[in-house]
Amino acid sequence: MRKILFSAMLALLWFGVLGAAAAQANATKAEEVLHTWYGLGLELVWHTPTYSPPVASRSFAYLGVTAFEAVASGSDELQTLSGQLHGLKTVPQREAGKTYDEAVVMQAALAFSVQHFFENTGPSGQNAMAKLEAKLREKVSAGVPADVLARSEAHGRAVAEHVLAWSQDDGGAVIETLGFPQSYELPKGPSHWVPTSVIALQQKPLLPNWGKNRTFAMPEGTSCALPSHPEYSEDKDSAFYKEALEVYEAKQNLTPERRAIARFWADDAMLSMTPPGHWISIALQIMDRDKVGLEKNVDTLARLGVAVADGFIGCWQAKYQYDLIRPISYIRRVIDPKWEPLLNTPPFPEYPSGHSTQSGAAEIVLTNLFGENFAFEDKTGSHAGLAPRTFPSFRAAADDAGISRMYGGIHFRAAIERGLEQGRCIGAFTNALRTRR
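Residues numbered from 1 in each chain as written. Predicted model: local features only at pLDDT ≥ 70, side-chain atom pairs only at ≥ 80, totals over all residues. Heavy atoms only, no water.

This part is about helix 11 (residues 354–370). If you check helix 11, its first and last C-alpha atoms are 24 Å apart, about what 17 residues at 1.5 Å a residue would give, namely 24 Å. Taking burial as the measure, the 17 residues of helix 11 include 15 buried ones, the bulk of the element. The N-capping residue of helix 11, defined by a side-chain oxygen 3.5 Å from the backbone nitrogen of histidine 355, is serine 353. Just downstream of helix 11, glycine 371 is the residue with a positive phi angle, here 105°. (Helix = DSSP H or I, 4+ residues; strand = E, 2+ residues; numbered from the N terminus. Expected span 1.5 Å × (residues − 1). Buried < 20%, exposed > 50% of the residue type's maximum accessible area, 1.4 Å probe, protein only. Polar contact = N/O pair within 3.5 Å; in protein donor to acceptor, adjacent residues only side chain to side chain.)

Right under this line is the structure:
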């Protein structure tokens, strides 16, 4: 009898080990699906005309929430974000006692979400999405029982459809004329923003109402309000003039290192994965390097997406509240009419810096997830021939991203430093979300 009991115990232990190994293998496959779809999403940002940085940040937030909820519905570790993110109602749950395949759930959820949020991309992007869906579906379906496959696909799609429905009334679902309003009255006065582009469409500023969008985790767009910038003045002894002179002299005395910093963080729309995509890329590189597991992957991507999306809402609210002139316009008017910045000036008001606000938000969230003094290498610019940069912490990277805008001739110091402060305030609301049981 003892031998029979012992054999039975060994069998249970063996099958338990096999079951755990199979579950881990399936979770690893789900991670591969997650990273593959995100990789395509980062590429599609380049080639989708409406994907300015605010629009990109919004999509990354919804993709992150979709992936998170798809996993959380079957996880003993994760807690749903429904009831925490504004307007997100109870997400579809899995049937009790039924078996689901994690990789199939993830594939169905992200295939639906990516193809929706990038539905206005060009023919090449459409073709890439269709091919990836077919390839990944074949891969994750292999060996999965028909009933489990059908149930898993239905659940992944149900989660994605739920998140999509939630997204439709946030204020950012429809982008007309690439985000530039056809009618918009520019405020009058020397301190106000004026167009800096010769492109006809960009004689109006980008997305002037974005700051009114529904937020994700922070209460509203004004929750991390900023003090005013230094008072506008053309007096050489004024703080405003001195900030402008600092930008002017920074360009005139660029070192190779500062030029490299400006280029590394340029992240121009239609020429890159944009600033929010850059931080998503950083997170993906770290998680791929450290093999953090499926739950940490989706927790990170959801939080980071929410933080940068709220960062752009808060930043844009302040931009159009203050409507401040860009360095190029002021310097040419007051200091040097022939001055040229290193980088192209974006077509919207100056204060605060969008790079800085969203980088501050990303820094706070990633530090909370991975720790202080977390060193990493960022290879995001390798596609453009840019050398990788190494950082001792997320704060160091955020500061680097912020100051890059002065080196590029894009922003005054106040916009950078206060933008970083604003982003850190915004990121704190994301850190307050409860994602673990």
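A few words now on the nonpolar core. Formed by 133 residues in total, the largest nonpolar core has its most connected members in Leu85 and Met106. Every residue in contact with methionine 106, bar those within four places of it in the chain, is listed here: Ala30, Val33, Leu34, Ala67, Val71, Leu294 and Val298. (Core = buried A, V, L, I, M, F, W, Y, C linked by side-chain atoms within 4.5 Å. Contact = heavy atoms within 4.5 Å.)

Time to look at the pattern of salt bridges. Side chains carrying opposite charge are able to pair once their charged atoms draw close together. This structure, assessed with the given rule, holds 22 salt bridges. Here glutamate 363 and arginine 395 are joined by a salt bridge, their closest N and O atoms 3.5 Å apart. A residue pair is termed long-range when its members are at least 10 positions apart, and glutamate 363 in helix 11 and arginine 395 in helix 12 (residues 394–407) qualify at 32 residues. A relative accessible area of 3% places glutamate 363 in the buried class. Overall, arginine 395 belongs to the partly exposed group, its relative accessible area being 43%. Between aspartate 399 and arginine 424 there is a salt bridge, with its nearest N and O atoms 3.0 Å apart. Taken as a pair, aspartate 399 in helix 12 and arginine 424 in helix 13 (residues 413–431) lie far apart in primary sequence, 25 residues in all. Overall, aspartate 399 belongs to the partly exposed group, its relative accessible area being 33%. With a relative accessible area of 14%, arginine 424 lands in the buried category. (Salt bridge = Lys/Arg side-chain N within 4 Å of Asp/Glu carboxyl O.)

Right, let's get into the layout of surface pockets. If you roll a probe as big as a water molecule over the atoms, it shows you where there is empty space left. If you add up the space inside the largest pocket, you get close to 840 Å³. Along the wall of the largest pocket there are 39 residues; nearest its centre are Gln202, Ala269, Thr345, Pro346 and Pro347. Contributing elements (two or more residues each) for the lining of the largest pocket: helix 9 (294–322) and helix 11. For the lining of the largest pocket, the per-class residue count stands at 23 nonpolar, eleven polar and five charged. (1 Å grid on protein atoms, 1.4 Å probe; cavity = no way out; pocket = protein on both sides within 12 Å on 5 of 7 lines; lining within 4 Å. Points joined across faces, edges and corners; volume = space filled by probe spheres on them. Nonpolar A, V, L, I, M, F, W, Y, C, P; charged D, E, K, R; others polar.)

Another aspect to go through is the state of the cysteines. Linking two cysteines covalently through their sulfur atoms gives a disulfide. Applying the stated criterion across every chain yields a total of one disulfide. Bridging cysteine 224 to cysteine 425, the disulfide has an S-S length of 2.0 Å. Residues cysteine 224 and cysteine 425 are joined by a disulfide whose S-S torsion is about -80°; by sign, that bridge is left-handed. A residue pair is termed long-range when its members are at least 10 positions apart, and cysteine 224 in the loop between helix 5 (146–167) and helix 6 (239–252) and cysteine 425 in helix 13 qualify at 201 residues. Relative accessible area serves as the criterion here: at 30%, cysteine 425 is assigned to the partly exposed category. As a non-bridged cysteine, cysteine 315 has cysteine 224 as the owner of its nearest cysteine sulfur, 12 Å distant. By relative accessible area, which is 0% here, cysteine 315 ends up buried. (Disulfide = S-S within 2.5 Å.)

Considering the arrangement of structural elements, one finds threonine 380 in the loop between strand 1 (376–378) and strand 2 (389–391). Not counting residues within four places of it along the chain, the set of residues in contact with threonine 380 comprises Met273, His278, Ser281, Ile282 and Gln285.

So, on to the packing of aromatic side chains. Throughout the structure, instances matching the rule amount to 22 aromatic pairs. An angle of 50° between the planes, with centres 6.2 Å apart, marks the rings of phenylalanine 370 and phenylalanine 394 as tilted. Here phenylalanine 370 is found in helix 11, whereas its partner phenylalanine 394 is found in helix 12, with 24 residues between them in sequence. Residue class for phenylalanine 370 comes out buried when judged on its relative accessible area of 14%. With centroids separated by 5.5 Å and ring planes inclined at 10°, the aromatic side chains of phenylalanine 374 and phenylalanine 394 adopt a geometry described as stacked. One end of the pair, phenylalanine 374, is in the loop between helix 11 and strand 1; the other, phenylalanine 394, is in helix 12, with 20 residues separating them in the sequence. Each member of the pair, phenylalanine 374 as well as phenylalanine 394, carries the same accessibility label: buried. An aromatic cluster is built from Phe264, Trp265, Trp279, Phe370, Phe374, Phe376, Phe391 and Phe394, whose rings are joined through pairwise contacts. Positioned above the aromatic ring of tyrosine 100 is the side chain of arginine 94, whose terminal nitrogen or guanidinium carbon lies 5.2 Å from the ring centre. (Phe/Tyr/Trp six-rings, centres within 6.5 Å; stacked < 30°, edge-to-face > 60°. Lys NZ or Arg CZ within 6 Å of the ring centre and 35° of its normal.)

Further remarks concern the side chain of threonine 66. On the secondary structure map, threonine 66 appears in helix 2 (residues 53–72). In this structure, threonine 66 is in contact with Ala109, Ser113, Val159, Ala160 and Val163, ignoring residues within four places of it in sequence.

Here we take up helix 4 (residues 123–141). Since there are 3.6 residues in each turn of an α-helix, residues three or four apart along the chain are aligned in direction. For helix 4, which comprises 19 residues, the first-to-last C-alpha distance of 27 Å matches the rise-based estimate of 27 Å (1.5 Å per residue) to within 8%. Where helix 4 terminates, the next one or two residues include glycine 143, which has phi positive at roughly 80°.

Two quantities define a packed helix pair, namely the angle between the axes and the distance from one axis to the other. Contact geometry for helix 6 and helix 10 (residues 327–334): axes closest at 10 Å, N-to-C directions at 100°. Of the possible angle classes, the one that applies to helix 6 and helix 10 is roughly perpendicular. For the pair helix 6 and helix 10, the contacting residues are Phe240, Tyr241, Ala244, Val247 and Tyr248 in the first and Pro327, Tyr330, Ile331 and Val334 in the second. Partitioning the contact of helix 6 with helix 10 into residue classes produces nine nonpolar, no polar and no charged. (Axes fitted to C-alpha atoms, helices over the stretch in contact; angles between N-to-C directions. Parallel < 35°, antiparallel > 145°, perpendicular 65-115°, else oblique.)

A few words on the confidence of the model for the protein. Detailed reading of predicted coordinates is not advised where the pLDDT is low. Of the residues in the protein, 95% reach a pLDDT of 70 or more, and the chain-wide mean stands at 94. Here residues 4–18 is modelled with pLDDT under 50, and outside its nearest four sequence neighbours on either side it reaches zero contacts, counting other chains as well. (pLDDT = per-residue confidence, 0-100.)

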